Amino acid sequence: MSRFVLALDQGTTSSRAIVFDRGGHAVSTAQREFPQLFPGPGHVEHDPEAIWSTQLATARDAIAQAGIGPTEVAAIGVTNQRETTVLWERESGRPVANAIVWQSRVTAPICDRLKAAGYEPLFRDKTGLVVDAYFSGTKIKHLLDSVDGLRERAARGEVLFGTIDTFLIWRLTRGRCHVTDVSNASRTLLFNIHTLEWDDELLAILDVPRAMLPEVKSSSQVYGHTDAAIFGASIPIAGIAGDQQAALFGQACFEPGSAKNTYGTGCFMLLNTGETPVPSRKGLLTTVAWQIGGRTTYALEGAVFVAGAAVQWLRDGLKAIAASGDVEKLMHEVADTDGVYLVPAFVGLGAPYWDPRARGVIVGLTRNSSVAHVARAAVDAMAYQTRDVLDVMQDEASIPLSTLKVDGGAAANATLLQFQADLLGVPVRRPVVRETTALGAAYLAGLAVGYWDGLDDVRRNWALDREFAPQRPAAEMTRLYAGWKKAVARSLAWED
């Protein structure tokens, strides 16, 4: 009997693979970074071949490190950076261009034209999304508009579209499976979250041929098997979810009203709203969380574009630290930010502002300010942006939050989580297993093949590492948050 599940976690800055056991514990982990490409201000791209090569290498490394053979892997689950868009040739499998990353603002002019034409309410009602360069649909249109003859080839089915999950599964199956799941499809601006189908009216508006789109499946089923030559045996691919939905699942947030926040490259808070999509009029997204056994679960989401990426900027841009993990030591050189705020609007602002022309600002500087104050402000910005989202989320869902589960790389920073608890006024709970994105993909795959019996197995696996209770006076946190809102106001509509 197969003893493990392999999760492929393809992220924005690195590819990872983790082997999990039945208890939901990581047996082995492999990770490789890949280059970020910045062809212009606010434009972000990836080389799809770099994504594939790093993901394949980490999968092989994780299996080898676990000391197991491929026949001991019950299933593979795939989770991915969402909205990032790849187009490739059906015949050769070669990408026709670099992938346009979810962070990229390159399609902001297309979005402006759609809004000016009055289409935003239609997109909002059908997809649950705002019209923004964040999502895949306008990225597809941009590529089809930019490369001569590409749209005609796509209409003939010669060129295919996929988010990263689709591209990886195409490669893993050697072109036998062109699929995605409902959670990733719901992030494209092309998918009707009520009918759970690609929407012909939206496809026509964006001039995207249906022939290039993948088949949409549930989040937990056997989609196909890896080509035997890749790992030495054929392994079922049985789970797919976008990274934030996978983290919600991995955190066992199965009941309406349960929520999690992931501190990664960006910062993403999701609230389970059950089997009914809750519309948002204040800058949140209504999204499909997952579909299992014919039942669809929805969520409200607040998407923050830059969180941990601000720490990477401290490392790579300012050269203030040698490694991302050094930020906690640097920020502890000072007691607080001394009035300094950093708004990391490097690629605009996401929820609840949705301003692609916002740009990053540092305000409140004095002669006393140091790089340590800036570092602390960069970390505090993750908590402030989470508060921005939560205030709107609680109002629209009419569900008061009692606790917040957290995960992601920056969840290791205890100072951040204590500040977050103080700012929100609710306990923040960190699990023992923090790789909840990969774990969610593993659970979805394992459930599909009977490795886990049901959701109760997943609930039992969740274990608390540490709870951070609010400590600072509410009046003090109100004052600090008011300063943050002033700083955000300075960043909005900066670029013409």
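Starting afresh in each chain, residues are numbered from 1 along the sequence in its written order. With pLDDT at 70 or above as the cut-off, local features in this predicted model cover only qualifying residues; side-chain atom pairs require 80 or more to be listed or tallied, and sums for whole chains, interfaces and linings still use all residues. To get the side-chain values, take all heavy atoms of the structure and skip hydrogens and water.

Caption draft 1: Spotlight on the overall build of the chain. What counts as a helix is a DSSP run of H or I of at least four residues, what counts as a strand is a run of E of at least two, and both are numbered from the N terminus. Each helix and strand in the chain was counted, giving 17 helices and 24 strands. As a reference, a globule follows 2.2 Å times the number of residues to the power 0.38, and the radius of gyration itself is taken over C-alpha atoms. Radius of gyration (C-alpha) of the chain: 21 Å, near the 23 Å computed for a compact globule of 496 residues. Oriented by its inertia axes, the alpha-carbon framework of the chain measures out at about 60 × 55 × 45 Å. Categorising residues by exposure relies on relative accessible area from a 1.4 Å probe, with only protein chains included: less than 20% of the type maximum marks a residue as buried, more than 50% marks it as exposed, and the intermediate range marks it as partly exposed. Counting only residues that meet the buried cut, the chain has 62% of its 496 residues in that class. Per-residue and other accessible areas follow the Shrake-Rupley method at a 1.4 Å probe size, with only the shown protein chains counted as cover for residues. Counting only carbon and sulfur atoms, one obtains 50% of the accessible surface of the chain, whose full area is about 17700 Å². Charged residues are defined narrowly, with Lys and Arg counted positive, Asp and Glu counted negative, and His plus the chain ends left uncounted. Lysine's charge is taken at NZ, arginine's at CZ, aspartate's at CG and glutamate's at CD. Of the charged side chains in the chain, 48 are positive and 55 negative; the average position of the first set lies 2 Å away from that of the second.

Caption draft 2: Representation of the sheet that holds strand 4 (residues 37–40) within the structure. A pair of strands is treated as paired once DSSP finds two or more bridges between them. As summarised here, the arrangement of the 3 strands in space is 4-5-8, forming an open sheet in which the pairing is antiparallel. The open sheet has two free edges, formed respectively by strand 4 and strand 8 (99–100), since each of these has just one partner strand.

Caption draft 3: Region of interest: the packing of aromatic side chains. By convention, a stacked pair of Phe, Tyr or Trp rings (six-membered ring in the case of Trp) has centres within 6.5 Å and planes under 30 degrees apart, an edge-to-face pair has planes over 60 apart, and any other such pair is tilted. Applying the stated rule across the entire model yields 21 aromatic pairs. Look at W102 and F268: their rings are 5.8 Å apart centre to centre, the planes differ by 70°, and that puts the pair in the edge-to-face class. Of this pair, W102 sits in the loop between strand 8 and helix 2 (108–116) while F268 sits in strand 17 (residues 267–274), and the two are 166 residues apart along the sequence. Looking at W102, the relative accessible area reads 3%, which means it is buried. Taking the centre distance of 5.4 Å and the plane angle of 85° together, the rings of Y384 and F419 count as edge-to-face. Here Y384, found in helix 13 (residues 371–397), pairs with F419, found in helix 14 (residues 414–424); they are 35 residues apart in sequence, far enough to count as distant. Across the pair, exposure class does not vary: Y384 and F419 are buried alike. We count a charge as sitting over a ring when the NZ of a lysine or the CZ of an arginine lies within 6 Å of the ring centre and within 35 degrees of the ring normal. The cationic tip of R82 hangs over the ring face of F268; the distance from NZ or CZ to the ring centre is 5.3 Å.

Caption draft 4: Quick look at the pairing of strand 6 (residues 73–80). Within strand 6, 8 of the 8 residues are buried, leaving the element largely enclosed by the surrounding structure. As paired strands, strand 1 (residues 4–10) and strand 6 are joined by 7 bridges and run parallel to one another. Residue pairing across strands places F4 opposite V73, the latter belonging to strand 6. Across 5 bridges, the pairing between strand 6 and strand 15 (residues 236–242) is parallel.

Caption draft 5: Quick look at the packing of helix 1 (residues 48–65) against helix 6 (residues 164–172). Think of each axis as a best-fit line through the C-alpha atoms, taken over the contacting stretch in the case of a helix, with angles from 0 to 180 degrees between the N-to-C directions. Following both chains from N to C, one finds helix 1 and helix 6 inclined at 65°, their axes separated by 11 Å at the closest point. Crossing geometry of helix 1 relative to helix 6 is assigned as right-handed. In contact with P48, E49, I51, W52 and Q55 of helix 1, helix 6 contributes I164, F167, L168, R171 and L172. The hand of a helix crossing depends on one turn: near helix anticlockwise from the far one by less than a right angle means left-handed, and clockwise means right-handed. Here, residues are in contact when the closest pair of their heavy atoms is within 4.5 Å.

Caption draft 6: Spotlight on the sheet that holds strand 14 (residues 220–225). Taking strand neighbours across the sheet as the criterion, the 6 strands line up as 3-2-1-6-15-14 in an open arrangement whose pairing is mixed. With partners counted over all chains shown, the strands left at the sheet margins are strand 3 (26–33) and strand 14, one partner each. With strand direction ignored, the average angle separating the axes of adjacent strands in the sheet is 25°. Sheet strands in contact with helix 1 are strand 1, strand 2 (14–20) and strand 3, and its direction is about 155° off that of strand 3.

Caption draft 7: Representation of the environment of R171. Assignment of secondary structure puts R171 in helix 6. Accessibility expressed as a relative area gives 13% for R171, which makes it buried. The sequence separation of R171 and L56 amounts to 115 residues, and the corresponding C-alpha distance is 9.6 Å. Setting aside anything within four residues of it in sequence, one finds R171 in contact with E49, W52, G93, R94, P95 and I230. Counted as a polar contact is a pair of N or O atoms within 3.5 Å, where, for protein atoms, one must be capable of donating a hydrogen and the other of accepting one, and residues adjacent in sequence contribute only when both atoms are in side chains. Of the polar contacts made by the side chain of R171, one reaches the backbone oxygen of G93; its length is 2.9 Å.

Caption draft 8: Structural detail: helix 13. Here a helix's expected span is defined as the number of its residues, less one, multiplied by 1.5 Å. The end-to-end C-alpha distance of helix 13 is 39 Å, a good match for the 39 Å that 27 residues give at a rise of 1.5 Å each. A bend of about 25° at D380 is the largest found in helix 13. Counting buried positions over the 27 residues of helix 13 gives 23, a clear majority of the element. Just downstream of helix 13, S398 is the residue with a positive phi angle, here 55°. Across the chain, bend at a residue is computed as the angle between axes fitted to the seven residues ending at that point and the seven starting from it.

Caption draft 9: The arrangement of the packing of helix 13 against helix 14 in detail. As a packed pair, helix 13 and helix 14 sit with axes 9 Å apart at the nearest point and diverge in direction by 35°. Note on packing geometry: the crossing formed by helix 13 with helix 14 is right-handed. For the pair helix 13 and helix 14, the contacting residues are R376, V379, D380, M382, A383, Y384, T386, R387 and L390 in the first and T415, L416, F419, Q420, L423 and L424 in the second. When residues are grouped by polarity, Ala, Val, Leu, Ile, Met, Phe, Trp, Tyr, Cys and Pro land in nonpolar, Asp, Glu, Lys and Arg in charged, and all others, Gly among them, in polar. Class assignment of the residues belonging to the contact of helix 13 with helix 14 gives a composition of 9 nonpolar, 3 polar and 3 charged.

Caption draft 10: Quick peek at the nonpolar core. Counting residues in hydrophobic clusters, the biggest one holds 136 residues, and the most contacted among them are L87, Y134, M212 and Y263. The greatest single-element share of this core, amounting to 15 residues, is contributed by helix 13. When residues no more than four places from it in sequence are discounted, the contact partners of Y134 are R82, E83, W102, R105, K139, R187, F268, L285, E301, A303, F305 and W354. Residue types Ala, Val, Leu, Ile, Met, Phe, Trp, Tyr and Cys, when buried and joined through side-chain atoms within 4.5 Å, form a set referred to as a nonpolar core. Counting residues in each nonpolar core, the second largest holds 37 residues, with W52, L160, I164 and V179 among its members.

Caption draft 11: Seen up close, the pairing of strand 3. Of the strand pairs in this sheet, strand 2 and strand 3 are connected by 7 bridges, and their pairing is antiparallel. For F20, the partnering residue across the bridge sits in strand 3 and is A26. In sequence, strand 2 turns back onto strand 3 through a hairpin of 5 residues, with G24 there showing a positive phi of about 80°.

Caption draft 12: View of the environment of S2. Among the structural elements, S2 can be located in the segment before strand 1. For the pair S2 and E72, spaced 70 residues apart in sequence, the C-alpha separation works out to 4.3 Å. S2 has contacts with R22, T71, E72, V73, A74 and Y451, leaving out every residue within four places of it along the chain.

Caption draft 13: Quick look at the environment of V130. Of note, V130 is situated in the loop between helix 3 (120–127) and helix 4 (136–146). Along the sequence, V130 and E120 sit 10 residues apart, while their C-alpha atoms lie 6.8 Å from each other. Residue contacts for V130: discarding those within four places in its chain leaves E120, R124, F135, L189, L285 and W354.

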